[in-house]
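Chains, contacts and geometry: an overview
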Amino acid sequence: MYYFPKVKMLRGELKRSEVRNSVKYQLTTKEFIQQRGHTTFRIALENIIGFVECDDAEFSRHVHRLSSGRSDGFGRAYKIVASVLHLVSPSGVVEQAQVSFYTRLSRPFAQQLEDCLQSSSLA
């Protein structure tokens, strides 16, 4: 069982939550949240400029392996381009601007994120 700090006040309605290889993913109607250990990445859907699948070579260039776990079966690599990302750690909150965030997502999670992005852009 993995321990993840409780995310304070999810914004929006929780649509999906997954835990894979010691990483927790949450998607609400207003934000994407990813937790690795005591580090939480929060990206408001309104701040996502682009969401695209990328190849494993690009992913590997930008992401340091946090574990020796297999990458196969873990999901496809994606790049999220955002105007603002909030990084929450035990030492505080850091706001980063104009970021490219690389992650691996299951197909159902990625599809639901895409659907939420499309519906939030219509609103």
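Below or above, wherever it landed, is the structure these notes cover. What you see is a predicted model; the values in this text were computed from it and never measured. Along each chain, residue indices are assigned from 1 in the same order as the chain's sequence is written. Given that this is a predicted model, residues contribute local features only at a pLDDT of at least 70 and side-chain atom pairs are listed and counted only at 80 or more, while totals for whole chains, interfaces and linings are drawn from all residues. By convention in this description, side-chain values take in all heavy atoms of the structure and omit both hydrogens and water.

Remarks on the overall build of the protein
- Here a strand is any run of E in DSSP of at least two residues, a helix any run of H or I of at least four, and the numbering for each starts at the N terminus. A tally of regular secondary structure across the protein gives two helices and seven strands.
- When the helices and strands of the protein are read in sequence order from the N terminus, they spell out β-β-β-β-β-α-β-β-α.
- Partly exposed describes any residue whose relative accessible area lies between the buried limit of under 20% and the exposed limit of over 50%, with all areas from a 1.4 Å probe on protein chains only and scaled to the type maximum. In the protein, which comprises 123 residues, the share counted as buried stands at 38%.
- We get accessible surface area from the Shrake-Rupley algorithm with a probe of 1.4 Å; when it comes to residues, only the shown protein chains can shield them. With an accessible surface of roughly 7,500 Å², the protein has 50% of that area assigned to carbon and sulfur atoms.

A closer look at unusual backbone geometry
- Despite not being glycine, Ser-22 has its phi angle at roughly 65°, a positive value.
- Position of Ser-22 among the secondary structure elements: in the loop between strand 1 (14-20) and strand 2 (23-28).
- Phi is positive for Gln-98, close to 50°, though the residue is something other than glycine.
- Gln-98 sits in the exposed class, given a relative accessible area of 62%.

Some points on the packing of aromatic side chains
- Stacked, edge-to-face and tilted are the three classes for Phe, Tyr and Trp ring pairs, Trp counted by its six-membered ring, which pair at centre distances within 6.5 Å; planes under 30 degrees apart are stacked, over 60 edge-to-face, the rest tilted. What the rule picks out here adds up to five aromatic pairs.
- Ring geometry for Phe-41 versus Phe-101: centroids 5.1 Å apart, planes at 50°, classification tilted. Taken together, the residues span a long stretch of sequence, with Phe-41 in strand 4 (residues 39-44) and Phe-101 in strand 7 (residues 92-105) at a distance of 60 residues.
- Note on Phe-101: relative accessible area 8%, which makes it buried.

Side note on the pattern of salt bridges
- We define a salt bridge as a contact between a side-chain nitrogen of Lys or Arg and a carboxyl oxygen of Asp or Glu at a distance within 4 Å. This model, assessed by the stated rule, comprises seven salt bridges.
- For Glu-13, the salt bridge goes to Lys-15, with nearest N and O atoms at 3.9 Å.
- For Glu-13, a relative accessible area of 48% puts it in the partly exposed group.
- Look at Lys-15 and you get partly exposed, because its relative accessible area is 38%.
- Among the salt bridges present, the one from Glu-58 reaches Lys-79, with a minimum N-O distance of 3.8 Å. In this pair, Glu-58 is assigned in helix 1 (residues 56-62) and Lys-79 in strand 6 (residues 76-89), connecting sequence segments 21 residues apart.
- Within the structure, one salt-bridge network assembled from shared partners comprises Arg-16, Glu-18 and Arg-20.

Focus: the nonpolar core
- Buried Ala, Val, Leu, Ile, Met, Phe, Trp, Tyr and Cys residues that are joined via side-chain atoms within 4.5 Å together make up what is termed a nonpolar core. The biggest cluster of nonpolar side chains holds 23 residues, and the ones touching the most others in it are Phe-32, Ile-43, Phe-51, Ile-80, Leu-105 and Leu-113.
- Among the elements of the structure, strand 2, strand 4, strand 5 (48-53), strand 6, strand 7 and helix 2 (107-122) are those that each provide at least two residues to this core.
- In contact with Leu-105, other than residues within four places in its own chain, are Tyr-25, Phe-32, Phe-51, Gly-75, Arg-76, Tyr-78, Ala-110 and Leu-113.
- Counting residues in each nonpolar core, the second largest holds five residues, with Cys-54, Val-63, Ala-77 and Tyr-102 among its members. Contacts are assigned to residue pairs that have any heavy atoms within 4.5 Å of one another.

Looking at the pairing of strand 7
- By the bridge criterion, 13 bridges tie strand 6 to strand 7 in an arrangement that is antiparallel. Bridged to Val-88 within strand 7 is Val-93.
- Hairpin remark: strand 6 followed by strand 7, antiparallel, with two residues in the connecting loop. Here, a strand pair is defined by DSSP locating no fewer than two bridges between the strands.

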